[in-house]
Structure formats: C-alpha cells, structure tokens
Amino acid sequence: MREFLVDLKAHGMLIEVNKRVSTYEIPALLEKLDGRPVIFNLVEGSSYRVVGNICSSRDLLALSLNVRKEELLFRLAEAFKKRSEPEIVKNGRCQEVTEKLNLNNLPILTHTAGDGGPYITAGVFIIRDPEFGRNASFHRLMKLDDKRFATRIVEERDTDVYLKRAGGELEVAICIGNHPSLLLAASTSLDITVDELEIANSLKELKLVKCKKVDLEVPADCEMVLEGRITSELVDEGPFLDLTSTYDIIRKQPVVEIKHFTHAKNPIYQALLPGGLDHKLLMGMPREPAIFNEVNKVCECKKVLITPGGCSWLHGIVQIRKKNPEDGKNAIEAAFRAHKSMKHVIIVDEDIDIYDLNSVEYAIATRFQASKDLVLKKDKGSSLDPSANQVTRETTKVGIDATIPSDKDRSHFIPVKILGEDTIRVEDYVSQ
Ligand SMILES: Cc1cc2nc3c(=O)[nH]c(=O)nc-3n(C[C@H](O)[C@H](O)[C@H](O)COP(=O)(O)O)c2cc1C
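Worth saying up front: this structure is predicted, and the values here are computed from it rather than measured. (Residues numbered from 1 in each chain as written. Predicted model: local features only at pLDDT ≥ 70, side-chain atom pairs only at ≥ 80, totals over all residues. Heavy atoms only, no water.)

**Q** Describe in detail the pairing of strand 8 (residues 133-138), supporting the description with residues and values.
**A** Here 6 bridges tie strand 7 (residues 124-129) to strand 8, and the two strands are oriented antiparallel to one another. Following the sheet pairing, R128 is matched in strand 8 by R134. Here strand 7 folds back onto strand 8, and the loop between the two strands holds 3 residues. (Pairing = 2+ DSSP bridges. Helix = DSSP H or I, 4+ residues; strand = E, 2+ residues; numbered from the N terminus.)

Dropping the structure here:
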C-alpha cells in the first residue's frame with residue numbers, strides 16, 4: 001500500500017489532513033471526500049496514521065494496476081485464470097516491529113451511532129485448509145476488548161467451510177494496510193480451491209513472509225498483522241452499517257482471539273468506509289470478470305457491469321453477441337452461477353450501452369416480453385438485502401432477457417437513423 005500512496009501523492013491525488021482528528025470524525029470526512037484518497041496524519045489517542053478511500057474509483061484501481069480503466073475487466077478476468085504462486089521471503093515490512101498486544105492502541109473507527117462497536121473494516125483474513133489450501137477474504141471485526149473481536153463469517157462461503165472442516169476453530173492472520181491488488185483478490189469468490197494470494201500475485205507481484213506464531217504466510221509489505229485464532233465461542237455481532245447503507249442484523253458470530261501483533265515502522269492503518277465507494281467497488285467489481293468468464297462458457301460475452309444503483313452487489317447488466325435463441329436465457333443462468341448474491345440481471349445486445357441506464361431501459365422497453373423472456377427463481381441470495389430473509393438468504397431472483405428476439409425480424413428492433421444523421425454537422429448551420 002505504501003508504494004501506491006507514494007504514486008497517489010506524485011499524481012497529486014492524496015489529500016493530507018494534518019489537523020488532529022478523532023476516530024469518530026474520520027468516517028464523516030471519508031464520506032465527504034468519497035472518491036478521493038485521504039491520509040490523516042494525526043489521530044487522537046493513537047500513534048498510527050489512518051488512510052482511506054484508496055480504492056474508491058475505477059480510475060484509482062486502474063492506476064494501482066497500471067492499466068487503462070477500460071482494461072480493468074479483462075485484466076482481472078485474465079488474473080483469475082493465470083494465477084501464480086507468490087514467492088516467500090525472509091523479512092517483510094509487516095514484521096519490522098513486534099508490539100505488546102493492546103487493541104485499544106489501534107485507531108479502530110466507530111461509523112454510526114447504532115453500530116455494535118468500533119469496527120475494523122479493511123482486515124483480510126488469511127487461513128489454511130489441509131486439502132483446499134490457502135484462502136484470503138474480508139471479514140469485518142467488531143472490537144470486544146483489548147485482545148478479542150467478534151467477526152462476521154457469511155455462511156457457506158470459504159471461511160465458513162474451512163472453519164467447519166477444522167472442527168470450529170482455526171488459526172488466522174489478519175492483514176491490514178494492503179495494496180489494492182490484494183484487496184481486489186481477497187474480494188473474489190471463485191472455486192474453494194483457489195488461493196486468492198495467487199490472483200493477487202498475478203495482478204501485481206506479491207511477496208509473502210511466514211507468520212511468527214501461526215502456520216500461515218502473509219503479504220510481506222502490508223502494514224500490520226494480527227495473528228490469532230477464530231474460536232468456537234459465539235457472541236452477538238452487529239448491528240453494522242453495510243453495503244446497502246442500512247444496518248445488517250445482529251447474529252451470533254465467532255470470537256477471534258489475537259495472540260501476536262506485528263507492524264511496519266510508522267504504521268498506517270487502513271480504513272474502509274462501510275457503504276462507501278471503496279466498499280462498493282471492492283465488492284462489486286471482482287464479480288464482473290467472474291460473470292464475464294462464466295457467461296463466455298455459454299455464449300459470447302462482451303461486457304459486464306455491476307451497477308452502483310444496485311449497491312454494487314445486487315444488480316448486473318451483461319452484454320452479449322447473440323447467435324442462438326437461447327443465448328439470453330443461458331447468459332442469465334451463467335451470471336447467477338458466477339455471482340450467487342446477485343438478485344436481478346439484465347441481458348442486452350451489443351448495440352446497447354450498458355453504462356447508460358436509459359439505453360438499458362430502452363432494451364427492456366422494446367425487446368422484452370415477460371411471458372417468455374423473464375426468468376424468475378426462488379434461490380439463496382445476499383444476506384445484505386433487507387427485503388430478503390437475511391437469516392436464510394432466501395430470495396427471488398429475476399433475470400430479464402432484453403435481447404432482440406430471434407423469431408422476429410431484427411431490423412424492426414434497430415433504432416432507425418434520421419436522414420443525414422451521420423453527415424450533417426450542426427456547427428455548419430448554427431453559429432455559437
Ligand atoms: C470490503 C469488504 C468487506 C467484506 N466483509 C465481509 C464480512 O464481514 N464477512 C464475510 O463473510 N464476507 C465479507 N466480505 C465478502 C467476502 O470477502 C467476499 O464475499 C469473498 O469473496 C468471500 O470469499 P470466499 O468465497 O473465499 O469466502 C467482504 C467483502 C468486501 C469487499
């Protein structure tokens with residue numbers, strides 16, 4: 001993350017706050033400056049600096065991976081397929097200092113008046129299963145006392161599966177202050193055997209170091225590592241302001257006990273505003289390449305967008321080159337397979353601009369007939385959707401095939417051009 005902050009500074013993209021701020025003020029400032037990276041150099045009651053909003057736009061993510069914004073989808077799709085093992089090195093920035101553990105010294109933010117407590121939101125859990133290998137994923141951490149957290153582990157996801165296979169207790173290393181490439185990789189949900197650190201390494205070279213007290217490897221250059229154990233003790237976790245900007249409910253969730261704490265010299269704590277652009281992009285964007293790859297197995301997929309209006313999680317638009325009558329329906333099924341939390345998906349043709357919602361609505365208005373083009377299925381969806389059952393995740397998914405029907409004359413569906421539309425230039429007629 002440090003090198004990226006240097007890059008941001010060099011591009012004039014890092015806002016520096018030198019006034020002393022409290023952990024209660026930082027969330028509001030992150031919200032007001034959403035879309036722009038900010039570093040807080042003086043934090044009340046903590047010797048750590050705090051940084052936030054570093055992944056809060058596609059431009060920032062593109063800069064972090066050294067690609068153009070338009071190439072992000074394809075760069076990620078490629079990294080999912082061409083994964084490579086990171087090198088293990090002897091020393092890392094994250095172990096420069098070993099500190100006596102006291103979680104009260106960390107600048108953990110409280111985000112809303114109704115939150116269950118102060119929450120770490122940018123912590124990446126590294127865990128291992130003897131058969132499935134290493135796994136990296138995000139889990140929020142609600143501080144309980146100076147050594148323990150309650151964490152949220154969504155049922156049936158990899159961490160939950162690993163934990164159950166281990167008999168309910170598991171060693172963990174929680175890494176904070178990571179480069180966007182690792183954050184993007186940790187947000188993916190591919191096959192359970194996929195090691196997200198290999199995806200991160202394929203996006204940008206990653207080096208690992210062995211932990212001191214647990215048998216795990218962590219990104220050598222992250223800012224801090226909390227080593228410990230996910231325990232079988234369950235406590236109330238939540239409420240927590242989530243992606244939908246509504247509270248996630250209180251559930252009985254596991255306690256994490258921290259045993260060992262190492263960090264970089266002059267460490268920088270990373271914050272991620274819940275429901276902010278950072279959170280939304282990291283959640284939604286890695287689903288786009290996953291959907292792209294899966295839809296490409298059944299027909300030709302051109303583009304995918306997880307829309308911000310759908311909380312960057314619940315809604316997707318998929319553009320295909322339709323060759324067979326069933327391509328639209330097959331694309332719907334493939335998209336739901338690739339992103340299991342998605343509730344509504346719209347399939348459109350190549351002439352529809354998926355980044356312009358008016359264009360997408362035009363496709364629904366003129367190409368879609370619910371009696372034959374609608375897919376409605378009862379299924380398990382997102383635990384974050386307040387309109388679904390947030391405990392069982394039962395929901396109803398809707399797929400809309402808004403592609404031109406194969407049994408009708410295609411020319412009836414293509415917007416007709418006005419005479420002279422391509423040749424007549426307004427500037428030749430209107431002076432101003
Ligand atoms: C910023 C952010 C925060 C997240 N917080 C949690 C969380 O608290 N609990 C959880 O189970 N998943 C959380 N997730 C989702 C998982 O990290 C994500 O679904 C991941 O892809 C699951 O990976 P897995 O399939 O390897 O388990 C979060 C994702 C992001 C991007």
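That was the structure; now back to the text.
**Q** Which residues make up unusual backbone geometry, and what values go with them?
**A** Each neighbour pair has its own omega, and for G238 with P239 the value is -5°, a cis peptide bond. Topologically, P239 is positioned in the loop between strand 14 (224-237) and strand 15 (240-241). The backbone phi angle of N66 is positive, close to 60°, even though this residue is not glycine. Although it is not a glycine, N266 adopts a positive phi angle of roughly 45°. The residue N266 is located in the loop between strand 17 (251-263) and strand 18 (268-270) in this model.

**Q** Describe the pattern of salt bridges, naming the residues involved and giving the relevant values.
**A** Per the counting criterion, the structure on display carries 45 salt bridges. Between R140 and D242 there is a salt bridge whose closest N-O contact spans 2.8 Å. Of this pair, R140 sits in the loop between strand 8 and strand 9 (141-143) while D242 sits in the loop between strand 15 and strand 16 (247-248); the two residues are 102 residues apart in sequence, bridging distant segments of the chain. Overall, D242 belongs to the buried group, its relative accessible area being 5%. As a salt-bridge pair, R367 and D349 come within 3.1 Å of each other at their nearest N and O atoms. (Salt bridge = Lys/Arg side-chain N within 4 Å of Asp/Glu carboxyl O. Buried < 20%, exposed > 50% of the residue type's maximum accessible area, 1.4 Å probe, protein only.)

**Q** Which residues make up helix 10 (residues 327-338), and what values go with them?
**A** Residues lying three or four places apart along an α-helix face the same way, a consequence of the helix completing one turn every 3.6 residues. Across its 12 residues, helix 10 extends 16 Å between first and last C-alpha, which sits within 8% of the 16 Å expected from 1.5 Å per residue. Check the buried side of helix 10 and you find it contacts helix 9 (287-295), strand 20 (315-321), strand 21 (344-348), strand 22 (374-380) and strand 23 (394-401). (Expected span 1.5 Å × (residues − 1). Contact = heavy atoms within 4.5 Å.)

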